[in-house]
Amino acid sequence: MNDKISYEDRKELPDSVFGLPERREYPMPDAAHVRAAEAYFRYCPEDLKPKLARAIMQRAAEYGVDVESPTVLSYAEK
């Protein structure tokens, strides 16, 4: 799994592919990055977790990724 994006490539990504677009954090341009965002979810600030969880669920649906984290699933419902 390659979940590394170069600084240059990351600068080119549209805000819409980020889980937290206003902070340009948690890029999810493909399925591997959706899984990475799920894995790094615990590092998200508490007040932003519901927003990030919903973004993960949306991008996961686009890429056919099964979100398995009970934490992400529970925050997505908030």
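Residues numbered from 1 in each chain as written. Predicted model: local features only at pLDDT ≥ 70, side-chain atom pairs only at ≥ 80, totals over all residues. Heavy atoms only, no water.

## Quick look at the overall build of the protein chain
Turning to step 1, where the next piece is worked out: Across its full length, the protein chain holds 4 helices and 2 strands.
Turning to step 2, where the next piece is worked out: Overall, the protein chain shows an N-to-C arrangement of helices and strands of α-β-β-α-α-α.
Turning to step 3, where the next piece is worked out: Along the longest, intermediate and shortest principal axes, the C-alpha atoms of the protein chain span 35 × 25 × 20 Å.
Turning to step 4, where the next piece is worked out: Relative to its 78 residues, the protein chain shows a buried fraction of 40%.
Turning to step 5, where the next piece is worked out: In the protein chain, 12 positive and 15 negative side-chain charges are present, and the distance between their average locations comes to 4 Å. (Helix = DSSP H or I, 4+ residues; strand = E, 2+ residues; numbered from the N terminus. Buried < 20%, exposed > 50% of the residue type's maximum accessible area, 1.4 Å probe, protein only. Lys, Arg positive; Asp, Glu negative; His and termini not counted. Charge placed at Lys NZ, Arg CZ, Asp CG, Glu CD.)

## Points about unusual backbone geometry
Turning to step 1, where the next piece is worked out: A positive phi angle, close to 50°, is found at Arg-24, a residue other than glycine.
Turning to step 2, where the next piece is worked out: Counting through the fold element by element, Arg-24 comes out in the loop between strand E1 (18-20) and strand E2 (25-27).
Turning to step 3, where the next piece is worked out: Its relative accessible area of 26% is what places Arg-24 among the partly exposed residues.
Turning to step 4, where the next piece is worked out: Phi is positive for Tyr-26, which is not a glycine, with a value near 60°.
Turning to step 5, where the next piece is worked out: With respect to the element layout, Tyr-26 can be found in strand E2.

## Notes on the environment of His-33
Turning to step 1, where the next piece is worked out: Structurally, His-33 can be placed in helix H2 (residues 31-39).
Turning to step 2, where the next piece is worked out: Residue class for His-33 comes out buried when judged on its relative accessible area of 6%.
Turning to step 3, where the next piece is worked out: In this structure the C-alpha to C-alpha distance between His-33 and Lys-49, which are 16 residues apart in sequence, comes to 17 Å.
Turning to step 4, where the next piece is worked out: Polar contacts involving the side chain of His-33 include one to the side chain of Asp-30, which spans 2.6 Å. (Polar contact = N/O pair within 3.5 Å; in protein donor to acceptor, adjacent residues only side chain to side chain.)

## Some details on H2
Each α-helix winds once per 3.6 residues, and so residues spaced three or four apart point in a common direction.
Turning to step 1, where the next piece is worked out: The buried fraction of H2 amounts to 7 of the 9 residues, a majority that puts the element mostly inside the structure.
Turning to step 2, where the next piece is worked out: Every buried residue belonging to H2 is among Ala-31, Ala-32, His-33, Val-34, Ala-36, Ala-37 and Glu-38, and all of these are buried.
Turning to step 3, where the next piece is worked out: In this fold, the buried residues of H2 make contact with E2, helix H3 (49-63) and helix H4 (70-76).
Turning to step 4, where the next piece is worked out: Looking at where H2 begins, the residue whose side-chain oxygen comes 3.3 Å from the main-chain nitrogen of Ala-32 is Asp-30. (Contact = heavy atoms within 4.5 Å.)

## What about the nonpolar core?
Turning to step 1, where the next piece is worked out: Counting 18 residues, the largest nonpolar core has Phe-41, Leu-52 and Ile-56 as the members making the most contacts within it.
Turning to step 2, where the next piece is worked out: Of all the secondary-structure elements, those providing two or more residues to this core are H2, H3 and H4.
Turning to step 3, where the next piece is worked out: Looking at this core, the element that brings in the most residues is H3, giving 5 residues. (Core = buried A, V, L, I, M, F, W, Y, C linked by side-chain atoms within 4.5 Å.)

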